[in-house]
Amino acid sequence: MTWLTGILASLYLACLFGLFLYGINSYVLILLHRRHRRAAEAADAGVRARANERSEVTLPMVTVQLPIFNERYVVERLLRAAVSLDYPRDRLEIQLLDDSTDDTREIASRLVQQYQAAGLQVVHLHRTVRTGYKAGALKEGLAVCRGEFVAIFDADFVPNPDFLRRTLPFFGDPNVGMVQTRWGHLNRDYSLLTTGQAFGIDGHFGVEQGSRAWAGLYLNFNGTAGIWRKAAIQDAGGWHADTLTEDLDLSYRAQLKGWRLVFLPDVVCPAELPVQIQGFKSQQQRWAKGSIQTARKLVPSILRAPGSWFKKYQAVIHLTHYAAHPLMLLVAIASPLLLYLDWFFASWRSVFASTAFFCLATFGPSALYCYSQRVLYPDWRRRLPYLPSLMLLGTGIALSNTQAVLEGLFRRAGDFIRTPKFAIQGRQDSWRTKQYRSRFSWIAVGELLLSAYCGIGVYLFLDRGRFLIGPFLVLYTLGFGYVGVLTLLHSLGPRPAAARRVSIALNRWTLCLLLPPAVLLAFTCLAF
């Protein structure tokens, strides 16, 4: 039994060290952001000042690509935003890349005919076979588009009219291949679920993307709300469908070819956040699986490419960051076992070492999310109490994302599972009676079992006086329980009053239980 315990302890420490690497990198990104932010803002202002002198006659031809699949509730909103872009009509082409198999096709066709009758250059390209999924649709659209530049918007995005005017000036540098803008939120306050998602997206766009772009590190196109130079796509080899994150794949291939990617944090493109937990989980699984597939495909080329080892290390951390979820899952499973075997945690030295790793792994990302609120919003202090919603989601989806990471390691691209959109913007809107609702997933049972298991671990740690590890297992207990219960509630049909009361109570109790850690993290944020 001793050798088995030793192996388990070694695995536990290895997982904690891996989480430590991902967690400590959040502080690195915060420092890079603080170091380069003012210079980057000044440089962006200079580009725009020079662009104001540009004549309308010299504006290039732009193609706007709108890839959709079964989007009956949002296709009209999407097309209306695209045709409202402030740009000369003779130099704006809009491609609706439609792979739909339901009545979205008829709705889209009718709308396109109306815009064509009004003299707008809108084309409806419908495919009956979804070869390559989104990557295949973008590839086929690119082959017939007339634009020198290609802007891409997913169905849940609503670009502002000045989008092209504010992004095109940055292509004055012939080495710039893509400009990515920041995602905004149409329904941030719809529920605790959307609030948590908004925190995570703000952390990515408010800190991570800027840090990477301004420090000369590898940057990624996020699949939407960005604009490409057509020549850069072609030079990088075009769209590939061998991963589920064709955007991440193309971004790295373009940079390996020498193209520079630009990020503009002050240009915001609002989007609808998933309102059903299964939609959010499938979106995260697609990103997790696709990023691991991209890492498997491109890391060898990245390591051989010119550049500093720090840049290459950051690329590996970037491409593999979803590996944190299987590490979290292993730690959650191993902690109670090691305590029960009464060997590893018998020494206070082991307890303190584990606690230190836990703190750095947990507080690093949380500090980044707090810092992003401070960077992006004047009322950031009012938003911080809702950070626990992200903490719950981040831990609760560890099981489903672990499945995705393993599939990314050992399987090819797989099916592209879309994220349902319901045109939800205000709390008065409902999605429960609409089509596209995700059905029950049995992985929720595993999440609830993990919640119970971690709860037993909390009891064991407290009963044996190992109080320092207990709070982290409380987070795992609440996280798995929250996501599991929410999955069950969201799998119901039109929600009965009792289920609604349970959901509201669950949201309130989880906020109350995790409010103290949120306050602590707020003070951590103030240090920056």
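Everything below is about the structure printed above this text.
The text that follows walks through the structure, step by step, so that each part is easy to find. (Residues numbered from 1 in each chain as written. Predicted model: local features only at pLDDT ≥ 70, side-chain atom pairs only at ≥ 80, totals over all residues. Heavy atoms only, no water.)

1. Observations concerning the overall build of the chain
Okay, step 1: Within the chain, the secondary structure is distributed over 18 helices and 7 strands.
Okay, step 2: Restricting to contacts in the chain with at least 6 residues of sequence separation, those with at least 24 account for 83%.
Okay, step 3: Accessible surface computed for the chain: about 21,800 Å², of which carbon and sulfur atoms make up 61%. (Helix = DSSP H or I, 4+ residues; strand = E, 2+ residues; numbered from the N terminus. Contact = heavy atoms within 4.5 Å. Areas by Shrake-Rupley, 256 points an atom, 1.4 Å probe, with all protein chains shown as cover.)

2. Remarks on unusual backbone geometry
Okay, step 1: Of note, N70 is a non-glycine position whose phi angle comes to about 55 degrees, a positive value.
Okay, step 2: Mapping N70 onto the fold places it in the loop between strand 1 (62-68) and helix 2 (75-83).
Okay, step 3: Judged by its relative accessible area of 10%, N70 is buried.
Okay, step 4: At Y436, a position not held by glycine, the phi torsion is positive, near 80 degrees.
Okay, step 5: Here Y436 shows up in the loop between helix 15 (398-410) and helix 16 (443-463). (Buried < 20%, exposed > 50% of the residue type's maximum accessible area, 1.4 Å probe, protein only.)

3. Things to note about the pairing of strand 2 (residues 92-98)
Across a regular strand the side chains alternate sides, sitting on one face of the sheet and then on the other.
Okay, step 1: Most of strand 2 is tucked away: 7 of the 7 residues are buried.
Okay, step 2: What you see with strand 2 is no split at all: L92, I94, L96 and D98 on one side and E93, Q95 and L97 on the other are buried throughout.
Okay, step 3: As judged from the 7 bridges shared by strand 1 and strand 2, these two strands associate in the parallel manner. Residue pairing across strands places P67 opposite L97, the latter belonging to strand 2.
Okay, step 4: You can see the chain leave strand 1, run along helix 2 and come back into strand 2, and the turn it takes is right-handed.
Okay, step 5: When strand 2 meets strand 3 (residues 122-126), the two strands line up parallel, connected through 5 bridges. Paired with Q95 across the strands is V123, a residue of strand 3.
Okay, step 6: For the segment spanning strand 2, helix 3 (residues 104-117) and strand 3, crossover handedness is right-handed. (Pairing = 2+ DSSP bridges. Right-handed = clockwise from strand over helix to strand, strands pointing away.)

4. What to know about the environment of H124
Okay, step 1: Take H124: it is sitting in strand 3.
Okay, step 2: Remark: the alpha-carbon pair of H124 and R110, spanning 14 residues in sequence, is separated by 10.0 Å.
Okay, step 3: A distance of 2.9 Å separates a polar atom in the side chain of H124 from a polar atom in the side chain of D98. (Polar contact = N/O pair within 3.5 Å; in protein donor to acceptor, adjacent residues only side chain to side chain.)

5. With respect to the pattern of salt bridges
Okay, step 1: On inspection of all chains with the given rule, the structure shows 25 salt bridges.
Okay, step 2: A salt bridge links E41 to R37, with the shortest nitrogen-to-oxygen separation between them at 3.1 Å. A residue pair is termed a helical-turn pair when its members lie 3 or 4 positions apart in one helix, as E41 and R37 do in helix 1 (residues 2-51) at 4 residues.
Okay, step 3: Here R91 ties to D90 by a salt bridge, and the two come within 3.4 Å at their closest N and O atoms.
Okay, step 4: Of the residues examined, R91 reaches a relative accessible area of 18% and is grouped as buried. (Salt bridge = Lys/Arg side-chain N within 4 Å of Asp/Glu carboxyl O.)

6. What about the packing of aromatic side chains?
Okay, step 1: Applying the stated criterion to the full structure yields 12 aromatic pairs.
Okay, step 2: Measuring from ring centre to ring centre gives 6.2 Å for F205 and F263, while their planes differ by 35 degrees; the resulting arrangement is tilted. Here the residue F205 occupies a position in helix 6 (residues 192-214), and F263 occupies one in strand 7 (residues 260-271), the gap between them amounting to 58 residues.
Okay, step 3: On the basis of relative accessible area, F205 is assigned to the buried category, the value being 2%.
Okay, step 4: Each member of the aromatic cluster is reached from another via a ring pair, and the members are F157, W183, F205, F263 and W287.
Okay, step 5: The ring of W309 has K312 lying over it, and the distance from NZ or CZ to the ring centre is 4.6 Å. (Phe/Tyr/Trp six-rings, centres within 6.5 Å; stacked < 30°, edge-to-face > 60°. Lys NZ or Arg CZ within 6 Å of the ring centre and 35° of its normal.)

7. Brief notes about the nonpolar core
For soluble globular proteins, nonpolar side chains are generally found buried alongside one another.
Okay, step 1: Ranked by internal contacts, the top residues of the largest apolar core, which has 68 residues, are L79, L164 and W228.
Okay, step 2: Examining the composition of this core, we find that 7 residues originate from one element, strand 7, more than from any other.
Okay, step 3: Membership of the second largest hydrophobic core comes to 31 residues, among which are Y12, A398, C454 and L460. (Core = buried A, V, L, I, M, F, W, Y, C linked by side-chain atoms within 4.5 Å.)

8. Thoughts on the sheet that holds strand 2
Okay, step 1: Taken in spatial order, the 7 strands line up as 3-2-1-4-6-5-7 in an open sheet, and their pairing is mixed. The sheet is open, and its two borders are formed by strand 3 and strand 7, each paired with just one other strand. Put simply, the sheet's adjacent strands are angled 20 degrees from each other on average, direction ignored.
Okay, step 2: Against the sheet, helix 2 contacts strand 1, strand 2 and strand 3, and its axis sits at roughly 165 degrees relative to strand 2.
Okay, step 3: Sheet strands in contact with helix 4 (residues 133-144) are strand 1, strand 2, strand 3 and strand 4 (149-152), and its direction is about 145 degrees off that of strand 2. (Axes fitted to C-alpha atoms, helices over the stretch in contact; angles between N-to-C directions.)

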